[in-house]
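What follows is the residue order along each chain.
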Amino acid sequence: MEHFDVVIIGGGIVGSSAACALGGAGLRVAVVEAHAAQAGEATPDARMYAVTRASERIFRALGAWDAIAAHDHCAFTDMEVWDAVGHGTLHFDCGELGEPCLGYILEPHVIASALQERLLTQSAVHLFCPASCAALLTGASHAEVRLDDGRVLAARVVVAADGARSPARSLLGIGVSGRDYRQGSLVATVRTALPHRNTAWQRFLPGGPLAFLPVGDGRCSIVWTMPVTDIDHMLTLAQEEFHTELGAAFGHRLGEIVDSGPRAAWPLRRQHAERYVIERAALIGDAAHAIHPLAGQGVNLGLLDAAALSEVILDAVHRGRDPGTLRSLRRFERWRRGDNQLMMSTMDGINRLFSNASPLLGQVRSRGLDAVNRTGMLRQLFMRHAMGLGGDLPVLAREPELPEPAA
Ligand SMILES: Cc1cc2nc3c(=O)[nH]c(=O)nc-3n(C[C@H](O)[C@H](O)[C@H](O)COP(=O)(O)OP(=O)(O)OC[C@H]3O[C@@H](n4cnc5c(N)ncnc54)[C@H](O)[C@@H]3O)c2cc1C
C-alpha cells in the first residue's frame with residue numbers, strides 16, 4: 001500500500017488544479033486518471049471555455065497561466081445580451097470597472113496541458129494513469145483507494161474530481177438531486193462576415209440561448225442550446241443550410257456565416273450532490289455540481305472549489321490538525337455549496353424565463369434587461385459575478401497583494 005496525504009480521483013482541469021495547489025505546497029498527492037491522454041498532451045474538444053478573471057488568477061497562482069496565454073486566445077472586453085422575442089438589451093464593458101477584460105475564451109486542452117506540465121515538475125505529485133478507482137473505503141484514520149490493477153493507495157483525504165457521472169461519488173454513497181433540461185448544446189467554430197470585436201454575444205431564443213464567443217484567430221465558438229429533439233437535425237444539416245439557419249437564429253448580428261468547422265453536441269442536465277463532504281472525502285467540480293452552460297460557469301466554479309478545498313486542507317495541516325475529519329472538511333462545504341447553489345438557481349431561473357415564446361414574459365424580460373442596463377450599480381454587480389469576482393474568494397483567486405515598498 002502506498003501512502004499519500006491526498007488522493008485525487010480525476011485528472012481533468014479541476015482535479016489537476018487541486019493537485020497543483022496541494023502538491024505545490026509540499027503535500028504528497030496522488031492523481032488517479034482514467035484516460036491516458038490526460039497524462040500527456042490533452043485531446044482537443046469541440047468546445048471553447050469562457051474563463052473568468054478569478055480562474056485566470058488561480059492559473060497564475062499555480063504557475064500555469066504563461067503556458068496557457070502563449071497559445072492563441074481571446075481576452076473579451078464586452079458582452080452583449082439580447083432577447084429574440086422582446087426588445088431588451090444588456091451591454092457589459094470592462095472599461096466601466098477599470099479592468100483590461102471581462103474574461104478569456106480558451107481551448108480546454110490548452111488549459112489541461114498547461115496544468116499537466118506543471119504537475120510533471122512537482123515531485124510531490126504522483127500520477128496513476130491510465131488507472132481508475134475500483135473500490136473506495138473511508139475509515140476513522142484514513143481512506144483506501146483500490147485501483148483497477150489491484151494497487152491500493154491510502155490517504156488522509158480522498159477528493160472526487162471525476163466529472164458529472166463521478167463513479168467515486170457513487171462508491172462514497174453520496175446521492176445527487178437533478179433534472180434533465182431536455183435541451184442540448186450544439187457546439188462549433190464558425191467564421192462570420194463581420195469581426196467579433198472581442199465581444200461575447202448571447203441571443204436568447206425561445207428554444208434556448210445562442211452564444212457567439214470570440215476566438216483569438218477572428219472566428220467565433222458557438223454554443224447553441226436547443227430542445228434535444230432539434231439537435232440531430234442541426235448536427236446533420238448540410239453546411240450551407242446550417243449557415244443559413246444559424247445566421248437567422250443570431251439575427252445576422254455579425255453578418256453572414258461564411259464557414260464552419262465540425263459540429264458536436266452535449267445533452268444538458270442539472271445536478272447537485274446531496275453533500276460535498278463525508279469523513280475523509282470531498283467532491284469538487286462537476287462531481288459536486290453540473291450547471292447549465294448558458295453563462296459558461298461550470299469549470300470556473302470547479303476551480304473555485306479546487307482552490308477553496310486546497311486552502312481548507314492546507315490550513316488544517318498548518319495548524320497541526322487532521323485535514324480529513326468531517327469537522328475540517330465541513331468548512332469547505334459551508335464555503336462553496338451556497339455559492340454554487342446560488343449560481344445554479346440563477347442559471348435555471350434565467351433559462352426558464354428566456355426559453356419560451358410567451359409575449360407577456362417577453363415584456364417582463366425586456367423591462368428586466370433594460371432596467372439592469374440603465375442601472376450602473378446593478379450592471380457592475382452582474383459584471384463582477386460574471387468575472388467570478390463576487391462572493392468569498394479563496395486566496396488563490398484573490399488579487400495578489402503588492403509587496404511593501406522598500407523603506
Ligand atoms: C456545451 C458545454 C459548454 C461549456 N462551456 C463552458 C464554459 O464556457 N466555461 C466553463 O467554465 N464551463 C463550461 N462548461 C462546463 C465544463 O465542461 C465542466 O464544468 C468541466 O468539464 C468540469 O470539469 P471537471 O474537471 O470537474 O470534470 P471533467 O472535465 O468531466 O473531468 C473529469 C476527469 O475525471 C476522469 N475520470 C472519470 N472517471 C474516472 C475514474 N473512474 N477514475 C479516474 N478518472 C476518472 C475523466 O477522464 C476526466 O479526465 C461547458 C459544458 C458544456 C456541456
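Coordinates for the structure precede this section.
For clarity, every value in this text was computed on a predicted model and none was experimentally measured.

**Topic: the pairing of strand E2 (residues 29-32)**
Along any regular strand the residues' side chains alternate between the sheet's two faces.
Phase 1: Covered by surrounding structure in E2 are Val29 and Val31 together with Ala30 and Val32, the residues of both alternating faces.
Phase 2: Of the strand pairs in this sheet, strand E1 (residues 2-9) and E2 are connected by four bridges, and their pairing is parallel. Paired with isoleucine 9 across the two strands is valine 32, which belongs to E2.
Phase 3: Handedness of the crossover joining E1 and E2 through helix H1 (residues 13-24) is recorded here as right-handed.
Phase 4: Relative to strand E8 (residues 125-128), E2 runs parallel, the two sharing four bridges. In the sheet register, alanine 30 faces E8, and the bridge partner there is histidine 126.

**Notes on the packing of helix H2 (residues 53-61) against helix H8 (residues 298-318)**
Angle between the axes and distance between the axes: these two values describe a pair of packed helices.
Phase 1: The interhelical angle for the contact between H2 and H8, taken along N-to-C directions, is 45°, at an axis separation of 9 Å. In terms of orientation, H2 lies oblique with respect to H8. Our pair here, H2 against H8, has a crossing hand that is left-handed. Where H2 approaches H8, its residues Ala54, Ser55, Ile58 and Phe59 are matched on the opposing element by Asn300, Leu303, Leu304 and Ala307.
Phase 2: When its residues are assigned to classes, the contact of H2 with H8 shows six nonpolar, two polar and no charged.

**A look at the side chain of arginine 169**
Phase 1: Relative to the elements of secondary structure, arginine 169 occurs in helix H5 (residues 167-171).
Phase 2: One buried charged residue, arginine 169, forms no salt bridge at all, with the nearest opposite charge on aspartate 162 at 6.7 Å.
Phase 3: Once you skip the residues sitting within four places of it in the chain, arginine 169 turns out to touch Gly163, Ala164, Ile174, Val176, Gln271, Ala273, Leu283, Asp286 and Ala287.

**Comments concerning the environment of glycine 175**
Phase 1: Turning to its location among the elements, glycine 175 is positioned in the loop between H5 and strand E12 (176-192).
Phase 2: C-alpha separation for the pair glycine 175 and alanine 265, spaced 90 residues apart in sequence, amounts to 26 Å.
Phase 3: Not counting residues up to four positions away in its chain, the partners in contact with glycine 175 are His272, Ala273 and Glu274.

**Points about the site of the ligand**
Phase 1: Every one of the 32 residues lining the ligand counts as a neighbour, but Glu33, Tyr49, Ala50, Asp286 and Val299 are closest to it.
Phase 2: Between an oxygen atom of the ligand and a main-chain N or O atom of alanine 50, the distance comes to 2.8 Å.
Phase 3: Between the ligand and the protein, one listed contact pairs a nitrogen atom with a backbone N or O atom of glycine 296 at 3.1 Å.
Phase 4: Against a free-state accessible area of 1000 Å², the protein chains account for coverage of 86% of the ligand.
Phase 5: Those elements giving two or more residues to the shell around the ligand turn out to be H1, strand E3 (49-52), E12 and H8.
Phase 6: The element best represented in the shell around the ligand is H8, accounting for three residues.
Phase 7: Tallied by class, residues from the shell around the ligand come to 16 nonpolar, twelve polar and four charged.

**A look at the packing of aromatic side chains**
Phase 1: As enumerated under the stated definition, the model contains eight aromatic pairs in all.
Phase 2: Seen from their ring centres, phenylalanine 4 and phenylalanine 128 are 6.0 Å apart, and the 90° between their planes marks the pair as edge-to-face. Highlighted residues: phenylalanine 4 in strand E1 and phenylalanine 128 in strand E8, separated in sequence by 124 residues. Take phenylalanine 4 and phenylalanine 128: they sit in the same class, and that class is buried.
Phase 3: Grouped by ring-pair contacts, the aromatic residues Trp82, Trp201, Phe212 and Phe250 constitute a single cluster.
Phase 4: The aromatic ring of phenylalanine 242 is capped on one face by arginine 263, whose charged end is 4.1 Å from the ring centroid.

**Description of the environment of serine 310**
Phase 1: Structurally, serine 310 can be placed in helix H8.
Phase 2: With 31 residues separating them along the chain, serine 310 and glutamine 341 place their C-alpha atoms 20 Å apart.
Phase 3: Residues contacting serine 310, with those up to four places away along its chain left out, are Ala18, Ala21 and Leu22.

**Some words on the pattern of salt bridges**
Phase 1: Applying the stated rule across the entire model yields 17 salt bridges.
Phase 2: Ionic pairing is found between arginine 379 and glutamate 96, a salt bridge with its closest N-O pair at 2.7 Å. Of this pair, arginine 379 sits in helix H11 (residues 376-386) while glutamate 96 sits in the loop between strand E6 (89-93) and strand E7 (103-106), placing them 283 residues apart in sequence.
Phase 3: Accessibility expressed as a relative area gives 15% for arginine 379, which makes it buried.
Phase 4: When the shortest N-O distance is used, the salt bridge between arginine 319 and aspartate 315 registers 3.1 Å.
Phase 5: Overall, arginine 319 belongs to the exposed group, its relative accessible area being 53%.
Phase 6: According to the relative accessible area criterion, aspartate 315 is partly exposed, its value standing at 25%.
Phase 7: Taken together, the shared-partner salt bridges connect Arg53, Glu56, Arg60 and Glu99 into one network.

Rules and cut-offs
Residues numbered from 1 in each chain as written. Predicted model: local features only at pLDDT ≥ 70, side-chain atom pairs only at ≥ 80, totals over all residues. Heavy atoms only, no water. Buried < 20%, exposed > 50% of the residue type's maximum accessible area, 1.4 Å probe, protein only. Helix = DSSP H or I, 4+ residues; strand = E, 2+ residues; numbered from the N terminus. Pairing = 2+ DSSP bridges. Right-handed = clockwise from strand over helix to strand, strands pointing away. Axes fitted to C-alpha atoms, helices over the stretch in contact; angles between N-to-C directions. Parallel < 35°, antiparallel > 145°, perpendicular 65-115°, else oblique. Left-handed = near helix turned anticlockwise from the far one by under 90°. Contact = heavy atoms within 4.5 Å. Nonpolar A, V, L, I, M, F, W, Y, C, P; charged D, E, K, R; others polar. Lys, Arg positive; Asp, Glu negative; His and termini not counted. Salt bridge = Lys/Arg side-chain N within 4 Å of Asp/Glu carboxyl O. Near = heavy atom within 4 Å. Polar contact = N/O pair within 3.5 Å; in protein donor to acceptor, adjacent residues only side chain to side chain. Areas by Shrake-Rupley, 256 points an atom, 1.4 Å probe, with all protein chains shown as cover. Phe/Tyr/Trp six-rings, centres within 6.5 Å; stacked < 30°, edge-to-face > 60°. Lys NZ or Arg CZ within 6 Å of the ring centre and 35° of its normal.

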